[in-house]
Amino acid sequence: MLLYIGPTLFGFLMGFILGTRIKNNPESKINFPISSYLVVVLVALFMAWQIGPFPYYTDLPLASGFLAAIIGIVAGKIIFGR
């Protein structure tokens, strides 16, 4: 089993950059607890499985770049969220 790091790394970096740009609006009453992030990751895992791998990639039966981007968005929001 060969793991292709390119799409995964690129997806994570793009997601991390987008995650750092998400801002909280203090006037909004919306609150995102940890459980909402868990739901987003689970739905993203299901979507990545439905999308399937990139062409000619046989490492995982899911879109690893898409899943890494979602994880990057959540990580960027948690680490550097404004």
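In what follows, the accompanying structure is described. (Residues numbered from 1 in each chain as written. Predicted model: local features only at pLDDT ≥ 70, side-chain atom pairs only at ≥ 80, totals over all residues. Heavy atoms only, no water.)

1. Focus: the overall build of the protein chain
Step number 1: What the protein chain contains, in helices and strands, is three helices and zero strands.
Step number 2: The order of helices and strands in the protein chain, counted from the N terminus, is α-α-α.
Step number 3: On the principal axes, the C-alpha backbone points of the protein chain span a range of 50 × 20 × 15 Å.
Step number 4: Across the 82 residues of the protein chain, 28% fall into the buried class.
Step number 5: By sequence separation, contacts in the protein chain at least 24 residues apart represent 70% of the contacts at least 6 residues apart.
Step number 6: Surface accessibility of the protein chain: about 6100 Å² in total, with carbon and sulfur atoms responsible for 75%. (Helix = DSSP H or I, 4+ residues; strand = E, 2+ residues; numbered from the N terminus. Buried < 20%, exposed > 50% of the residue type's maximum accessible area, 1.4 Å probe, protein only. Contact = heavy atoms within 4.5 Å. Areas by Shrake-Rupley, 256 points an atom, 1.4 Å probe, with all protein chains shown as cover.)

2. Focus on a nonpolar patch on the surface
Step number 1: Side chains of V39, V43, F46, M47, W49 and I51 sit close together on the surface and give an oily, nonpolar patch of about 610 Å² of accessible area.
Step number 2: Looking at the element boundaries, V39 is found in helix α2 (residues 34-51). (Patch = residues over 30% accessible without salt bridge, like charges linked within 9 Å, V, L, I, M, F, W, Y side chains within 5 Å. Salt bridge = Lys/Arg side-chain N within 4 Å of Asp/Glu carboxyl O.)

3. Some details on the nonpolar core
Step number 1: Residues A44, A48, L62, A63, L67 and I70 constitute the largest nonpolar core, which totals six residues.
Step number 2: Residue assignment for this core shows that the elements contributing at least two residues are α2 and α3 (64-80).
Step number 3: Every residue in contact with I70, bar those within four places of it in the chain, is listed here: V40 and A44. (Core = buried A, V, L, I, M, F, W, Y, C linked by side-chain atoms within 4.5 Å.)

4. Overview of helix α1 (residues 5-20)
Step number 1: The first and last C-alpha atoms of α1 sit 22 Å apart over 16 residues, in line with the 22 Å expected at 1.5 Å per residue.
Step number 2: For α1, the set of buried residues is P7, G11, G15, G19 and T20.
Step number 3: On its buried face, α1 is in contact with α3. (Expected span 1.5 Å × (residues − 1).)

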